[in-house]
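Observations on the three-dimensional arrangement
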Amino acid sequence: MISGKLRDALNKQVNEELQSYYIYLGIAAYFEEKNLNGFAHWMHLQAEEERNHAMRIYNFLYDRGARVNLLPLDAPPAEWASPLAAFEEALDHERKISGLIHHLVDLAVEEKDHPTQAFLQWFVNEQVEEEAAADDIIQQLKLVGDAPTGIFLLDRELAQRQPAAGGESG
Ligand code: OFO
């Protein structure tokens, strides 16, 4: 049986993942508005991954005999100064999420909850990939600067992103 402390912290993480979904949906809408359809496609897939992360934790809580309490979400911003600013916000957000995941692992260790520790390892690794992916795009955007041809080519590249395999993974 999962402890009340860990249950509440995982419930909060369901909310954080859904908040991530909402922020990335907001960024996708901003790209859509700018006719950057490849950027929007990339962000839609990222948003979907976040919803899947929330569902992983949701399902885990029920598997452990706990219940899920859904919490309110904040409205994301509607505007960013540039595609670079939007991706920088995404990376800052992922760094915050990594910190929260690490805190959850610490709590699971304190509570001597081995199943939760094992469960969270997937998220620890996923965060490394997510931070690296956002940082990679930020570096490309910095190289391109305001050059329309560079933005156009990057938009085409981001349009190639494929959904993560395996339903709720990724
Ligand atoms: Fe982007 O992170 Fe979920 O966990």
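Throughout what follows, the structure given in this document is the object of discussion. (Residues numbered from 1 in each chain as written. Predicted model: local features only at pLDDT ≥ 70, side-chain atom pairs only at ≥ 80, totals over all residues. Heavy atoms only, no water.)

Across its full length, the protein carries 5 helices and 0 strands. Starting at the N terminus, the α and β elements of the protein follow one another as α-α-α-α-α. On C-alpha atoms alone, the protein measures out to a radius of gyration of 17 Å, which is about the 15 Å that the 2.2 N^0.38 rule sets for 170 residues. Taken along the three principal axes of its C-alpha coordinates, the protein extends 55 × 25 × 25 Å. Contacts in the protein between residues far apart in sequence, at least 24 positions, make up 81% of those at least 6 positions apart. Carbon and sulfur atoms provide 54% of the accessible area of the protein, an area that totals close to 8,900 Å². The centroid of the 14 positive side-chain charges in the protein is displaced by 6 Å from the centroid of its 29 negative side-chain charges. (Helix = DSSP H or I, 4+ residues; strand = E, 2+ residues; numbered from the N terminus. Rg over C-alpha atoms; globule rule 2.2 N^0.38 Å. Contact = heavy atoms within 4.5 Å. Areas by Shrake-Rupley, 256 points an atom, 1.4 Å probe, with all protein chains shown as cover. Lys, Arg positive; Asp, Glu negative; His and termini not counted. Charge placed at Lys NZ, Arg CZ, Asp CG, Glu CD.)

Using the criterion set out here, one finds 7 salt bridges in the structure. Where Glu-110 meets Lys-5, a salt bridge forms, and the shortest distance between an N and an O atom there is 4.0 Å. Of the two residues, Glu-110 is situated in helix α3 (residues 83-110) and Lys-5 in helix α1 (residues 4-33); the sequence distance between them amounts to 105 residues. By relative accessible area, Glu-110 is classed as exposed at 55%. Between Arg-51 and Glu-48 there is a salt bridge, with the nearest N and O atoms lying 3.2 Å from each other. Placement of the pair is Arg-51 and Glu-48 together in helix α2 (residues 37-63), with a separation of 3 residues, close to one helical turn. Among the residues examined, Glu-48 registers a relative accessible area of 34% and is labelled partly exposed. (Salt bridge = Lys/Arg side-chain N within 4 Å of Asp/Glu carboxyl O. Buried < 20%, exposed > 50% of the residue type's maximum accessible area, 1.4 Å probe, protein only.)

Formed by 24 residues in total, the largest nonpolar core has its most connected members in Ile-27, Phe-31, Phe-39, Met-43 and Phe-87. Contributions of two or more residues to this core are made by α1, α2, α3, α4 (114-144) and α5 (148-158). Examining the composition of this core, we find that 6 residues originate from one element, α1, more than from any other. Those residues in contact with Phe-39, other than ones at most four positions away along the chain, are Phe-31, Pro-83, Phe-87, Leu-141, Ile-151, Leu-154, Asp-155 and Leu-158. In this structure, Ile-2, Val-68, Ile-97 and Ala-108 belong to the second largest nonpolar core, which totals 20 residues. (Core = buried A, V, L, I, M, F, W, Y, C linked by side-chain atoms within 4.5 Å.)

Before going further, it helps to examine the packing of aromatic side chains. Under the counting rule described, the total for this entry stands at 10 aromatic pairs. Measuring from ring centre to ring centre gives 6.2 Å for Phe-39 and Phe-87, while their planes differ by 65 degrees; the resulting arrangement is edge-to-face. Of the two residues, Phe-39 sits in helix α2 while Phe-87 sits in helix α3, which places them 48 residues apart along the sequence. In this structure Phe-39 comes out as buried when scored by relative accessible area, which is 0%. Ring centres of Trp-122 and Phe-123 lie 5.0 Å apart, and the angle between their planes is 85 degrees; this geometry places the pair in the edge-to-face category. Classification of Trp-122 as partly exposed rests on a relative accessible area of 24%. Members of the aromatic cluster, each reached through a chain of ring pairs, are Tyr-30, Phe-31, Phe-39, Trp-42, Trp-80 and Phe-87. (Phe/Tyr/Trp six-rings, centres within 6.5 Å; stacked < 30°, edge-to-face > 60°.)

Further remarks concern the packing of α2 against α4. Put simply, α2 and α4 touch, their axes get as near as 12 Å, and they point 170 degrees apart. In terms of axis orientation, α2 runs roughly antiparallel to α4. Residues Phe-39, Trp-42, Gln-46, Glu-49, Glu-50, His-53, Arg-56, Ile-57 and Phe-60 of α2 lie in contact with α4, whose contacting residues are Pro-115, Thr-116, Phe-119, Trp-122, Phe-123, Glu-126, Glu-130, Ala-133, Ile-137 and Leu-141. Here the contact of α2 with α4 is composed, by residue class, of 11 nonpolar, 3 polar and 5 charged. (Axes fitted to C-alpha atoms, helices over the stretch in contact; angles between N-to-C directions. Parallel < 35°, antiparallel > 145°, perpendicular 65-115°, else oblique. Nonpolar A, V, L, I, M, F, W, Y, C, P; charged D, E, K, R; others polar.)

Shape is all these values report; function is a separate question.
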